[in-house]
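These are the residues of each chain, in order.
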Amino acid sequence: MYRSILVFTGLLLCYNTSHAQRHKITYEFPPEMSEPIRVEYLKQWEKGKVLYELNCAQCHNTGTGRKAVVPDFTPEQLKGYELRVSNPKHESDIPETRVTTEELGLIMTFLYYKKKNK
Ligand code: HEC
């Protein structure tokens, strides 16, 4: 009895993780980036991802849940200091008091190295 419950739970877990991974947002660092730098950037990228979800996704993602798509911004669009005042929505919704300059930098790292949508 216990054994079958365990097997069943195991199968459920497998199904859930493989399904979730199909839509997982991932990163792409340049191949010439050295290992220690990559490790550091990955930490920042992960933080930026969380901050993006909290502060930007509601306006910029298309789709929801596992089907959410983060847009591919161009490097020209990813200039944090200009971004804050680039349009009225940003002026009202992402002021310094809500998203600090440091946080905006992390979000830029996330968006910059996010793997491009197909
Ligand atoms: C309240 C809604 C809203 C929020 C929150 C928001 N944005 Fe925007 N964003 C807009 C609108 C509206 C535009 C202008 C139209 C467009 O390009 O979609 C825009 C434009 C942009 C652009 C393109 C700028 C350009 O020069 O073309 C980038 C990049 C961007 N946003 C990033 C972000 C980031 C990063 C965050 C979170 C820190 C964020 N946005 C939060 C609404 C929002």
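Our subject is the structure listed above.
Residues numbered from 1 in each chain as written. Predicted model: local features only at pLDDT ≥ 70, side-chain atom pairs only at ≥ 80, totals over all residues. Heavy atoms only, no water.

Moving on: the overall build of the protein chain. A count of helices and strands for the protein chain gives six helices and zero strands. Secondary structure elements of the protein chain occur, N-terminal to C-terminal, as α-α-α-α-α-α. Counting every position in the protein chain, which comprises 118 residues, the buried fraction comes to 27%. Put simply, of all contacts in the protein chain between residues at least 6 apart along the chain, 62% involve residues at least 24 apart. Element-wise, carbon and sulfur atoms account for 60% of the exposed surface of the protein chain, whose accessible area totals about 8,800 Å². (Helix = DSSP H or I, 4+ residues; strand = E, 2+ residues; numbered from the N terminus. Buried < 20%, exposed > 50% of the residue type's maximum accessible area, 1.4 Å probe, protein only. Contact = heavy atoms within 4.5 Å. Areas by Shrake-Rupley, 256 points an atom, 1.4 Å probe, with all protein chains shown as cover.)

The environment of the ligand is made up of 18 residues, and the closest members are Cys56, Cys59, His60, Gln77 and His90. Within the contact set of the ligand, a nitrogen atom lies 2.8 Å away from a side-chain nitrogen or oxygen of histidine 60. Glutamine 77 is positioned such that a nitrogen or oxygen atom in its side chain is 3.0 Å from an oxygen atom of the ligand. Of all the secondary structure elements, the ones that give two or more residues to the shell around the ligand are helix 3 (57–60), helix 5 (88–93) and helix 6 (101–113). (Near = heavy atom within 4 Å. Polar contact = N/O pair within 3.5 Å; in protein donor to acceptor, adjacent residues only side chain to side chain.)

All right, on to the coordination of the iron atom of the ligand then. Within the protein, the atoms that donate to the iron atom of the ligand are His60 (NE2) and His90 (NE2), at distances of 1.9 Å. Coordination at the iron atom of the ligand is octahedral, judged from the six donor atoms that bind it and the angles of 87 to 179 degrees they form at the metal. With histidine 60 in helix 3 and histidine 90 in helix 5, this residue pair connects regions lying 30 residues apart in the sequence. Classification of histidine 60 as partly exposed rests on a relative accessible area of 31%. (Donors = N, O, S within 2.8 Å, 3.2 Å for Na, K, Ca; no water. Tetrahedral: all angles 85-135°; square planar, octahedral: opposite > 155°, others 65-115°.)

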